Amino acid sequence: MHCPFCRHTDSRVVDSRATDDGQSIRRRRQCPDCGRRFTTVETAALAVMKRSGVTEPFSRAKIVAGVRKACQGRPVAEDELALLAQRVEEQLRSNGSAEIEAHEVGMAILGPLRELDEVAYLRFASVYQAFDNLEDFESAITLLRAERDATGREPDDQQGQQQDKSKSGMPRGS
Ligand SMILES: [Zn+2]
């Protein structure tokens, strides 16, 4: 790396340490020519390109803020939001590219959010996918139902069935 002061084409690493969260490494460098010191930060690149063409670093905090809005009044804990943002980041990084488009971020949020809370999912999808009439909601709900049926009944439903059986086994009336 070039020295930012004298543009010398080389620099020497004098110290190197990971940040507390393990997300990046800070290196203290010294220019062998002018002797001045500077710091570089190394992180795994992940930039989001917005529709305007502007790129910004991927931010879990932004994911959490966006999803938190959709989760207002829903039984979703703060640590569940943090976990969702982590899953989104892992999925986006797994593609291996250093730059992704903003709509890919939205797409990556939809799956984990649906598992977390279906109402929040619908709210988020309605904004993200620009629902503008009841039919859009209807088809999204139909899709949710179809996928829920495809993944099988929930444990709660099975319990309900057993309760129904025991009820039907009991003599009716008196
Ligand atoms: Zn220098």
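Parameters at a glance
Residues numbered from 1 in each chain as written. Predicted model: local features only at pLDDT ≥ 70, side-chain atom pairs only at ≥ 80, totals over all residues. Heavy atoms only, no water. Donors = N, O, S within 2.8 Å, 3.2 Å for Na, K, Ca; no water. Tetrahedral: all angles 85-135°; square planar, octahedral: opposite > 155°, others 65-115°. Buried < 20%, exposed > 50% of the residue type's maximum accessible area, 1.4 Å probe, protein only. Salt bridge = Lys/Arg side-chain N within 4 Å of Asp/Glu carboxyl O. Helix = DSSP H or I, 4+ residues; strand = E, 2+ residues; numbered from the N terminus. Axes fitted to C-alpha atoms, helices over the stretch in contact; angles between N-to-C directions. Parallel < 35°, antiparallel > 145°, perpendicular 65-115°, else oblique. Left-handed = near helix turned anticlockwise from the far one by under 90°. Contact = heavy atoms within 4.5 Å. Nonpolar A, V, L, I, M, F, W, Y, C, P; charged D, E, K, R; others polar.

1. What to know about the coordination of the zinc ion
Taken together, Cys-3 (SG), Cys-6 (SG), Cys-31 (SG) and Cys-34 (SG) make up the full set of protein donors to the zinc ion, lying 2.2 to 2.4 Å away. Every donor counted, the 4 donor atoms about the zinc ion form angles of 106 to 119° at the centre, which fits tetrahedral coordination. Mapped onto the polypeptide sequence, the residues donating to the zinc ion form the spacing pattern C-x2-C-x24-C-x2-C. Since its relative accessible area comes to 33%, Cys-6 is described here as partly exposed.

2. Notes on the pattern of salt bridges
One pass over the structure, following the stated rule, counts 11 salt bridges. Between Glu-42 and Arg-27 there is a salt bridge; the shortest N-O distance is 3.1 Å. On the criterion of sequence distance, the pair formed by Glu-42 in strand S3 (residues 37–43) and Arg-27 in strand S2 (residues 24–30) is long-range, its members being 15 residues apart. By relative accessible area, Glu-42 is classed as partly exposed at 45%. The class for Arg-27 is partly exposed, based on a relative accessible area of 21%. Between Asp-117 and Arg-74 there is a salt bridge; the shortest N-O distance is 2.9 Å. With Asp-117 in the loop between helix H3 (102–116) and helix H4 (118–128) and Arg-74 in the loop between helix H1 (60–70) and helix H2 (78–94), this pair connects stretches of sequence that are 43 residues apart. The class of Asp-117 is buried, set by a relative accessible area of 6%.

3. Some words on the packing of H2 against H3
Relative placement of two packed helices is described by the angle separating their axes and the distance separating the axes. One can describe the packing of H2 onto H3 by two numbers: an axis separation of 9 Å at closest approach and a directional angle of 135°. The angle between H2 and H3 places the two elements in the oblique class. Note on packing geometry: the crossing formed by H2 with H3 is right-handed. Along its contact with H2, which presents Glu-80, Leu-84, Arg-87, Val-88, Gln-91 and Leu-92, the element H3 presents Glu-104, Val-105, Ala-108, Ile-109, Pro-112, Leu-113, Glu-115 and Leu-116. Broken down by class, the residue content of the contact of H2 with H3 amounts to 9 nonpolar, 1 polar and 4 charged.

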